[in-house]
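In case you want the letters, here they are:
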Amino acid sequence: MPLFAIAMMILCGAAALAVDVGVWRYDQRIAQSAADSAAIAGAGELAYPSAADVTSAAVADATANGFTDDGGTTTSVAVNTPPSSGNYSGRSNAVEVIIRKKLPIFFGNVFGLSEWMSVRAVGLLNPNGNFCVYALGGDITLYGGGGGGATVPNCGLVTNKDFVITGNANVDAQTIGYVGAGPSGGTYPLGQPMKTVPVTDPCPTIPGCAYVADLATNHPGLLHTGCQPYPAPNPLPPGEYCTQLTGTIVLQSGVFVLDQGVSSSNFTGNGVTIVNFGTGGIVINGNATFIMSPPTSGPTAGLVYYQPPGNTGPFIKNGVPADVEITGAFYAPSSNFTFNGNLPSISLLIANSISMNGGGITVPSGSGVQRTGYAVLGE
């Protein structure tokens, strides 16, 4: 009998180790996923400071994932903003979620065991995004000749396909991400090219872009207001233009809806938002300039160019010397952005693919586009 009792204790201990600990590890993974999700939900609220309810959002998300705070009897969900510990301690753009849960005991009851687990996650609000140059469907190709490369000191570049570098192209960017193949050449003073997960279209995080996208999809009548007469004297007044714009064009401030795109020698405007439905996109040849800045207020503030996702018309610039200065967001997610010439300056570029032949691209410091922000997992 004593030997049997000892054997039973050994068997129960082995069962407790095999069953209870296995269940605990499984429950911990589930709890960690719930904490991660709750931290991101809480951080997302920081994008709307006037109406933010970080704790309620995080607790509601934890509840939806099966972890309901009952005052600590079996489960507790603590939300700290800013975090009270870790790498992001004291950071106002971070939210810490700690979930504690009493673990189920099966065979371990024989030994009087009572176990709790604790998991922790930190969500961050990223107001401007890690990237300001996006190739959503194609490659980013930077040719090293003629000073080609990228100067993006405060953000980065990302492609959902290949990042192609030739020659001695210099890529001075904080972050460089690619989903497909990485570069075989180039120099990188700041961030190094790294494999990343695919990025999504950032338009919803850019207020002006989200506004125009909603109009184009749900209220097209507010954009298609009737054809303006053209040719017309410069500077061109805002409105809808049903024929292709050509020649040297100066735009007045306002919203321009283009049904046939642009083929221009010089194209300039301040306080301008261009909505291009023309399948021809924009083609600029010769020693031409393309200098645009967006409105600084109103619903399209910060957005200088919008081309719907269904429009594959390219942006092509040929010839040097010339200036391409785009202050604001340039959004053409299905367009191939090809630049044959001098270094263009742009604040935020979203295209299908980007090819810089003989020149390069720069995002000046302090030219960031305001975004509502989005939440990411920090810890």
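Please refer to the structure higher up on the page.
Residues numbered from 1 in each chain as written. Predicted model: local features only at pLDDT ≥ 70, side-chain atom pairs only at ≥ 80, totals over all residues. Heavy atoms only, no water.

> So what about the overall build of the chain? Which residues, and what values?
The helix and strand inventory of the chain stands at three helices and 21 strands. For the chain, the proportion of its 379 residues judged to be buried stands at 44%. The contacts in the chain between residues at least 6 apart in sequence include a share of 47% that link residues at least 24 apart. (Helix = DSSP H or I, 4+ residues; strand = E, 2+ residues; numbered from the N terminus. Buried < 20%, exposed > 50% of the residue type's maximum accessible area, 1.4 Å probe, protein only. Contact = heavy atoms within 4.5 Å.)

> Tell me what's going on with the environment of Gly 269, and back it up with residues and numbers.
If you trace the backbone, Gly 269 turns up in strand 13 (residues 262-269). Spatially, the C-alpha atom of Gly 269 lies 9.4 Å from that of Leu 236, the residues being 33 residues apart in sequence. Other than its neighbours up to four places away in sequence, Gly 269 contacts Leu 251, Ile 291, Met 292 and Ser 293.

> Tell me what's going on with the state of the cysteines, and back it up with residues and numbers.
Using the criterion set out here, one finds three disulfides in the structure. Note on cysteine connectivity: Cys 132 is disulfide-linked to Cys 155, with sulfurs 1.7 Å apart. Here Cys 132 and Cys 155 share a disulfide; its torsion about the S-S bond, 65°, makes the bridge right-handed. With a gap of 23 residues between them, Cys 132 in the loop between strand 3 (116-126) and strand 4 (133-135) and Cys 155 in strand 6 (residues 149-159) connect regions that are remote in the sequence. The disulfide bridge from Cys 227 ends at Cys 242, spanning 1.7 Å between sulfur atoms. Taking the sign of the S-S torsion, about -85° here, the bridge from Cys 227 to Cys 242 comes out left-handed. (Disulfide = S-S within 2.5 Å.)

> Describe in detail the side chain of Gln 307, supporting the description with residues and values.
The residue Gln 307 is located in the loop between strand 16 (303-306) and strand 17 (315-318) in this model. In this structure the side chain of Gln 307 is engaged in a polar contact, spanning 3.1 Å, whose partner is the side chain of Asn 276. Those residues in contact with Gln 307 that lie beyond four places of it in its chain are Asn 276, Gly 281, Thr 312, Gly 313, Tyr 331, Ala 332, Pro 333 and Ser 335. (Polar contact = N/O pair within 3.5 Å; in protein donor to acceptor, adjacent residues only side chain to side chain.)

> Report on the pattern of salt bridges, specifying residues and quantitative values.
Enumeration over the complete set of coordinates arrives at two salt bridges. Between Glu 96 and Arg 120 there is a salt bridge whose closest N-O contact spans 2.6 Å. Of the two residues, Glu 96 sits in strand 2 (residues 94-102) while Arg 120 sits in strand 3, which places them 24 residues apart along the sequence. Taking the relative accessible area as the measure of exposure, Glu 96 reaches 0% and is therefore buried. Salt-bridge contacts for Arg 120 lead to Glu 379; the nearest nitrogen and oxygen are separated by 2.8 Å. Here Arg 120 is found in strand 3, whereas its partner Glu 379 is found in the segment after strand 21 (374-377), with 259 residues between them in sequence. Accessibility expressed as a relative area gives 26% for Arg 120, which makes it partly exposed. (Salt bridge = Lys/Arg side-chain N within 4 Å of Asp/Glu carboxyl O.)

> Which residues make up the packing of aromatic side chains, and what values go with them?
We describe a pair of aromatic rings using the distance from one ring centre to the other and the angle between the two ring planes. Inspection of the entire model under this criterion finds 10 aromatic pairs. Between the aromatic rings of Tyr 230 and Tyr 241, the centroid separation amounts to 6.1 Å while the plane-to-plane angle is 85°, which identifies the pairing as edge-to-face. Here the residue Tyr 230 occupies a position in the loop between helix 3 (207-218) and strand 10 (239-241), and Tyr 241 occupies one in strand 10, the gap between them amounting to 11 residues. A relative accessible area of 22% places Tyr 230 in the partly exposed class. The class for Tyr 241 is buried, based on a relative accessible area of 0%. Arranged with centres 4.4 Å apart and planes meeting at 10°, the rings of Tyr 305 and Phe 330 form a pair that is stacked. Within this pair, whereas Tyr 305 is found in strand 16, its partner Phe 330 is found in strand 18 (residues 324-340), the two being separated by 25 residues in sequence. Here Tyr 305 and Phe 330 have matching classes, each one buried. The rings of Phe 267, Phe 290, Tyr 305, Phe 315, Phe 330 and Phe 337 are connected pair by pair, giving a single aromatic cluster. (Phe/Tyr/Trp six-rings, centres within 6.5 Å; stacked < 30°, edge-to-face > 60°.)

> Can you tell me about unusual backbone geometry, naming the residues and giving the values?
Cis geometry marks the peptide bond from Tyr 230 to Pro 231, where omega comes out at 5°. Looking at where Pro 231 falls in the secondary structure, it is placed in the loop between helix 3 and strand 10.

> Could you give me a rundown of the side chain of Ser 353, with the residues and numbers involved?
Within the element layout of this structure, Ser 353 appears in strand 19 (residues 345-357). A polar atom in the side chain of Ser 353 sits 2.7 Å from the side chain of Asn 336. Leaving out residues up to four positions away in the same chain, Ser 353 has contacts with Ala 135, Gly 138, Asp 139, Ser 335, Asn 336 and Phe 337.

> Let's hear about helix 2 (residues 54-64): which residues, and what values?
Helical geometry: 3.6 residues make up each α-helical turn, so side chains three or four residues apart lie on a common side. Regarding helix 2, the residues found buried are Val 54, Ala 57, Ala 58, Asp 61 and Ala 62. In a view along the axis of helix 2, the buried residues occupy a sector of 130°, so they form one face of it. (Arc of directions from axis to C-beta.)

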